[in-house]
Amino acid sequence: MQELVNLSNYFLDNNLINNSSENLARLLEDNNLNGLEMLFCNKWDNNLHKKNLIKGVHLKFWPDWLDFWLDNKIALQREYKSLDLVYEIYGGRDKKDWIKKYQDNIYNALETNPEYLVFHVSQARPSEIFNWNFNYTSEVVIENTIKVLNELIEIIPNNTKLLLENLWWPGLTLENKNLVAKLFDEVECNNLGIMLDTGHLMNTNSDLKTEEDGINYILQIIDNLGEYKKYIYGIHLHHSLSGEYVKENCHKEFDEPLSMDIIMKHILKIDEHLPFSNVHVQLLINSIKPEYLVHEFMQSSRNDWINKIRIQRKALGLL
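Residues numbered from 1 in each chain as written. Predicted model: local features only at pLDDT ≥ 70, side-chain atom pairs only at ≥ 80, totals over all residues. Heavy atoms only, no water.

J.: Let's hear about the overall build of the protein: which residues, and what values?
T.: Assigned secondary structure in the protein consists of 15 helices and eight strands. On the principal axes, the C-alpha backbone points of the protein span a range of 55 × 45 × 40 Å. Out of the 319 residues belonging to the protein, those deemed buried represent 56%. Within the protein, contacts between residues at least 6 apart in sequence are counted, and of these 80% link residues at least 24 apart. Approximately 14300 Å² of the protein is accessible, and the part contributed by carbon and sulfur atoms is 47%. (Helix = DSSP H or I, 4+ residues; strand = E, 2+ residues; numbered from the N terminus. Buried < 20%, exposed > 50% of the residue type's maximum accessible area, 1.4 Å probe, protein only. Contact = heavy atoms within 4.5 Å. Areas by Shrake-Rupley, 256 points an atom, 1.4 Å probe, with all protein chains shown as cover.)

J.: Quick one: what's the story with the packing of aromatic side chains, residue by residue and with numbers?
T.: Under the criterion given, the structure shown has 16 aromatic pairs. Consider the rings of Trp-168 and Trp-169, whose centres lie 4.9 Å apart with planes at 50 degrees: the pair is tilted. What makes Trp-169 buried here is its relative accessible area of 2%. Arranged with centres 6.4 Å apart and planes meeting at 80 degrees, the rings of Tyr-231 and Tyr-233 form a pair that is edge-to-face. Residue Tyr-231 is classed as partly exposed on the basis of its relative accessible area of 25%. A network of ring pairs unites the aromatic residues Trp-62, Trp-65, Phe-68, Trp-69, Tyr-90, Trp-98, Tyr-102 and Phe-119 as a single cluster. Positioned above the aromatic ring of Trp-69, the side-chain terminus of Lys-95 is 4.4 Å from the ring centre. Positioned above the aromatic ring of Tyr-233, the side-chain terminus of Lys-161 is 5.9 Å from the ring centre. (Phe/Tyr/Trp six-rings, centres within 6.5 Å; stacked < 30°, edge-to-face > 60°. Lys NZ or Arg CZ within 6 Å of the ring centre and 35° of its normal.)

J.: Outline unusual backbone geometry, listing residues and values.
T.: Even without a glycine there, the phi angle at Asp-71 is positive, about 60 degrees. Examined against the element boundaries, Asp-71 turns out to sit in the loop between helix H3 (66–69) and helix H4 (73–80). Residue Asp-71 is classed as partly exposed on the basis of its relative accessible area, which comes to 48%. Of note, His-273 is a non-glycine position whose phi angle comes to about 55 degrees, a positive value.

J.: Describe the nonpolar core, and please don't skip the residues or the numbers.
T.: The tendency in soluble globular proteins is for nonpolar side chains to be buried as a group. Ranked by size, the top nonpolar core spans 86 residues in total, and within it Trp-98, Phe-119 and Leu-162 carry the most contacts. Excluding anything up to four places from it in sequence, Phe-119 contacts Leu-59, Tyr-102, Thr-145, Val-148, Leu-149, Leu-152, Leu-162, Leu-163, Leu-164 and Glu-165. If you look at the next biggest cluster of nonpolar residues, it comprises 12 residues, including Ala-124, Val-246, Leu-258 and Ile-263. (Core = buried A, V, L, I, M, F, W, Y, C linked by side-chain atoms within 4.5 Å.)

J.: An account of the packing of H4 against helix H5 (residues 83–90) is requested, with residue identities and associated values reported.
T.: Put simply, H4 and H5 touch, their axes get as near as 9 Å, and they point 100 degrees apart. Classed by the angle they form, the pair H4 and H5 counts as roughly perpendicular. Across the interface between the two elements, Lys-73, Leu-76, Gln-77 and Tyr-80 of H4 pack against Leu-83, Leu-85, Val-86, Tyr-87, Ile-89 and Tyr-90 of H5. (Axes fitted to C-alpha atoms, helices over the stretch in contact; angles between N-to-C directions. Parallel < 35°, antiparallel > 145°, perpendicular 65-115°, else oblique.)

J.: Give a detailed account of the side chain of Gln-299, specifying residues and quantitative values.
T.: You can see Gln-299 is positioned in the loop between strand E8 (292–295) and helix H15 (302–315). For Gln-299, a relative accessible area of 17% corresponds to the buried category. When near neighbours in sequence (up to four residues on either side) are disregarded, Gln-299 contacts Asp-13, Leu-16, Asp-304, Trp-305 and Lys-308.

Structure representation (structure tokens):
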């Protein structure tokens, strides 16, 4: 099992490592980590993020993509108030332009020769993130995700794993084994797998109160996957116990466009990205035996980041 941490090349993450490849290498070595799962917001700079440290790449994610894919201009106009803004977000006026933008992101990722790529399978309009009145079902999201992936898959090398990540919005939530089966049956990829995000899975159950509740819930869900459990090649390991916040704040309507700042603050209240401190988290690792374990956190400083890594590694019995 390779132990990794998540990192982007956004300037705030670059600041965490003092814009220094040596500083980054030292942080990984000091915490007995094997490397990185990168998210590229900009072009890859090998002088800062060395190729030998990059084991996986998280592809860019458009949370609200299905209206654009289906050319639902009425919904897009309602959500964003401006079609010019929509065309800017998706890189053009139709889905071919958006696919080209996705392909560019994949080509950039492949320059690092990663062992795997991560792709989110989910859909939520900005308003739905707050009111939870979702227009599209998980079935519809997955049917169209399959079409998107089958347009992208031809540029992904056969020796690069494509790992599908679960979220709590409609799509791949992992709660329905039949929908998992549909993805594996219809995506034309021989190296397809799952990146289990433990915090995202906990976000599907607002009644969870403790880490141990969450661990038991995750074990139950993955056992229900049956034969598809073996395709969980990686884990984004962190916990989220935001059920009370969801119950109090996810049934609101907004008439005005929502700023990205408001949206992100809300999402991070739901998706906490906190380290596990309960030793029962070892049951997850022992049950799944992943190839990749990614300590995935949101960190406010370098010291906060290191502290979270060490709390979770201690719970895992790895310190």
